[in-house]
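# What the coordinates show
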Amino acid sequence: MNPSEIVLERLSNQQLIYTKFKKPVELISWLGAIQGQDYSGAKWAVGLRLPGTNDAQVEQTIADKVILRTWLMRGTLHLVRAEDIHWMLELLAPRIIKSNTRRYRELELDDKTLQKSNRVLKDALADGRELKRRELLVILHENGIFTEGQRGYFMLQRASLDGLICQCKVDHNNATFFSMDNIPKSNMERGEALAELARRYFQSRGPATIADYIWWSGLLAADARAGLDAIKSDLIKENINKKVYWRFEAGTTGQDISPMAHLLPTYDEYLFGYRDRSASLKAVNLTKIRPEKHYRPTIAINGQIVGIWKRTFKKGAVMLEYNPFITLNQAKNHALTEAEHRYGKFLNKPVINR
C-alpha cells in the first residue's frame, strides 16, 4: 500500500464512501464510538456516513436511548451504542478515574464527597426521571455539595464513569441525564473486551498503527497490544514508510474516484481517530485547522484536508463560509457544492454559501 491507498481505504472503512449501513445504531456499533463533545457535530458525523438520514432521526435515536452519550476514550464525551456502554466503561473508566486523581484533590473532591454525590445523583434520577445538567447541579447544592468551578462537571463525570448515570440528549449545551439502571449489564470478560475494542477500531479505522490505537483508546500500551494480539490472525500487516499498519481485508479500494468532498465536523473520527494524521493532513496545515487554538470543522476532498468551514444559522437557513488552503478547480468546487446540498438536506434547511 501507499499513502494514497491508506486514505481511500480509511474513507471506505469509516463509511464516508461506499457506506453499507442504514441505521445510526448500526453505524455506531461498527465504529465502536464517535467523539461527541460537539453534540451537533457528532450528529452530523452520523448523518455524513448515512446518506438520507437527517438530524431529527439521529436525535430521536439518542432520545430513545438506543445511542447514548458519556465519557469514554481519553475521558472525552462519545456517542456509543447502549449495548456497548457497560463493557466499554468497565474497560476504560478506571484509567480515566486514576488520571483525574490530581484534579479531584485540587477541587477537594475526596472519596467521601464523590460517594455522596454519586448517591444524590442516582437518587435524583430514580424511577425513570430525566433531568438536565443544571437541574442536577441545583440538587447537589441543595444536598450540601458545592458545585462551583469544575466541581459539578467532575461529579457528573464521575457518576457517569461509575456507570450510574448517562446522557440521552443535549439542548443548547445543557445535557439531559438519566439513570443507567435499565441499561442491561455486560457479561464480557476483560480479555474479550480488549479484543472487541481493538476489532471495532481496526475494522472501522484501518489501516492504522498500534500507536494510533493506543492514542484513540486511551488504554495502557500493554492492554492495547493485548487486544491487537488477540485479533492479529484476522488482520493484514502492511509496512508503509517504515511504519507497521494493521487492517482487515481490503474492501472497495484502489478505484479511481471523481472528486468527492466531505464537510467534516470539528472532531470527526476521520481525523481524531488517529495519532498520526499525516496521510490526510499535510504538516503545513496542522495549525490552520486550529486557529486561535480551537479546532475547526474541516473540508476533505478525496480524503485530503484542504480547508476549514463554519456555519451560521440565519432566518431559517444555514450560511456556510469556507477557508480553503488550496485553489479549488471546477471539479472540486462542484464536489463542494454537492457536499453543501447533503448538509442542508441533513438539517432540513436551505444552504446559503457566502
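Refer to the structure printed above.
Cut-offs and rules
- Residues numbered from 1 in each chain as written.
- Predicted model: local features only at pLDDT ≥ 70, side-chain atom pairs only at ≥ 80, totals over all residues.
- Heavy atoms only, no water.
- Salt bridge = Lys/Arg side-chain N within 4 Å of Asp/Glu carboxyl O.
- Helix = DSSP H or I, 4+ residues; strand = E, 2+ residues; numbered from the N terminus.
- Buried < 20%, exposed > 50% of the residue type's maximum accessible area, 1.4 Å probe, protein only.
- Phe/Tyr/Trp six-rings, centres within 6.5 Å; stacked < 30°, edge-to-face > 60°.
- Lys NZ or Arg CZ within 6 Å of the ring centre and 35° of its normal.
- Pairing = 2+ DSSP bridges.
- Disulfide = S-S within 2.5 Å.
- Polar contact = N/O pair within 3.5 Å; in protein donor to acceptor, adjacent residues only side chain to side chain.
- Contact = heavy atoms within 4.5 Å.
- 1 Å grid on protein atoms, 1.4 Å probe; cavity = no way out; pocket = protein on both sides within 12 Å on 5 of 7 lines; lining within 4 Å.
- Points joined across faces, edges and corners; volume = space filled by probe spheres on them.
- Nonpolar A, V, L, I, M, F, W, Y, C, P; charged D, E, K, R; others polar.
- Core = buried A, V, L, I, M, F, W, Y, C linked by side-chain atoms within 4.5 Å.
- Axes fitted to C-alpha atoms, helices over the stretch in contact; angles between N-to-C directions.
- Parallel < 35°, antiparallel > 145°, perpendicular 65-115°, else oblique.

### Side note on the pattern of salt bridges
- Under the criterion given, the structure shown has 23 salt bridges.
- We note a salt bridge from Arg-49 to Asp-268, for which the minimum N-O separation is 2.8 Å. Remark: Asp-268 occurs in the loop between β9 (261-264) and α13 (269-272) and Arg-49 occurs in helix α3 (residues 39-49); sequence separation between them is 219 residues. As far as burial versus exposure is concerned, Arg-49 and Asp-268 are alike and both buried.
- Salt-bridge contacts for Arg-158 lead to Asp-162; the nearest nitrogen and oxygen are separated by 3.1 Å.
- Classification of Arg-158 by relative accessible area gives buried; the value is 15%.
- Through salt bridges with shared partners, a single ionic network connects Arg-81, Glu-83, Asp-84, Glu-196 and Arg-200.

### Topic: the packing of aromatic side chains
- Taken as a whole and assessed by the stated rule, the structure comprises 15 aromatic pairs.
- Centroid distance Tyr-213 to Trp-216: 6.3 Å. Interplanar angle 25°. Geometry classified as stacked. Within this pair, Tyr-213 and its partner Trp-216 are both found in helix α11 (residues 210-217), separated by three residues, close to a single helical turn.
- By relative accessible area, which is 0% here, Tyr-213 ends up buried.
- The ring of Tyr-274 has Arg-10 sitting right over it, with the charged end atom 3.8 Å from the ring centre.
- Directly above the aromatic system of Trp-215 lies the positively charged group of Arg-74, at a separation of 4.3 Å from the ring centroid.

### A short note on the pairing of strand β6 (residues 174-179)
- Here β6 lies mainly inside the structure; six of its six residues are buried.
- Here β6 shows a buried face lined by Asn-174, Thr-176 and Phe-178 and a second buried face lined by Ala-175, Phe-177 and Ser-179.
- Sheet analysis places strand β4 (residues 130-132) next to β6, joined by three bridges and oriented antiparallel. Counterpart to Glu-130 in the pairing with β6 is Phe-178.

### Here's the deal with unusual backbone geometry
- The residue after Gly-206, namely Pro-207, is reached through a cis peptide bond having omega 0°.
- Among the structural elements, Pro-207 can be located in the loop between α10 (190-205) and α11.
- Positive phi, normally seen in glycine, also occurs at Asn-241, with a value near 50°.
- Notably, Lys-315 is not glycine yet its phi reads approximately 50°, a positive angle.

### A look at the state of the cysteines
- The tally for this structure, following the rule as stated, stands at zero disulfides.
- Cysteine Cys-166 is unpaired, with the sulfur of Cys-168 as its nearest cysteine sulfur at 7.8 Å.
- The exposure class of Cys-168 is buried, given its relative accessible area of 1%.

### Regarding the side chain of Glu-59
- Tracing the chain through its elements places Glu-59 in helix α4 (residues 55-63).
- Looking at Glu-59, its side chain comes within polar contact range of the side chain of Tyr-39, at 3.0 Å.
- Setting aside residues up to four positions removed in sequence, Glu-59 forms contacts with Tyr-39, Lys-43 and Lys-169.

### Some thoughts on the layout of surface pockets
- If you add up the space inside the largest pocket, you get close to 330 Å³.
- Trp-71, Leu-77, Arg-133, Tyr-153 and Asn-173 are the residues nearest the centre of the largest pocket, which is lined by 16 residues in total.
- For the lining of the largest pocket, the secondary-structure elements that each account for two or more residues are β2 (67-71), α8 (133-142), α9 (151-161), β5 (165-171) and β6.
- Each residue belonging to the lining of the largest pocket can be placed in one class, and the counts come to eight nonpolar, six polar and two charged.
- Together, 19 residues line the second largest pocket, and Gly-47, Leu-48, Leu-50, Pro-51 and Arg-342 are the ones closest to its centre.
- Within the residue set of the lining of the second largest pocket, elements represented by two or more residues are α3 and α14 (330-347).
- When grouped by side-chain class, the residues that make up the lining of the second largest pocket number nine nonpolar, seven polar and three charged.

### Some remarks on empty space enclosed by the protein
- Tallied over the full model, the rule gives one cavity of 30 Å³ or more.
- By volume, the largest cavity amounts to about 50 Å³.
- Forming the walls of the largest cavity are Gln-35, Gly-36, Gln-37, Asp-38, Gly-41, Ala-42, Ala-45, Pro-265, Thr-266, Tyr-267 and Asp-268.

### What to know about the nonpolar core
- Among the nonpolar cores identified, the biggest contains 115 residues, and Leu-197, Phe-202, Tyr-213, Leu-263 and Ile-305 are the most heavily contacted of them.
- At nine residues, the largest contribution of residues to this core is made by helix α5 (residues 85-99).
- Leaving out residues up to four positions away in the same chain, Leu-197 has contacts with Met-73, Trp-87, Met-88, Leu-91, Leu-92, Tyr-213, Trp-216, Ser-217 and Leu-219.

### A closer look at the packing of α8 against α9
- In contact at an axis separation of 11 Å, α8 and α9 are set at 100° when each is read in the N-to-C sense. Accordingly, the angle class assigned to the pair α8 and α9 is roughly perpendicular. On the side of α8, the interface is formed by Arg-133, Leu-136, Leu-137 and Leu-140, while α9 contributes Gly-152, Met-155 and Leu-156.
- Broken down by class, the residue content of the contact of α8 with α9 amounts to five nonpolar, one polar and one charged.

Read these as layout, nothing more, since geometry by itself doesn't imply function.
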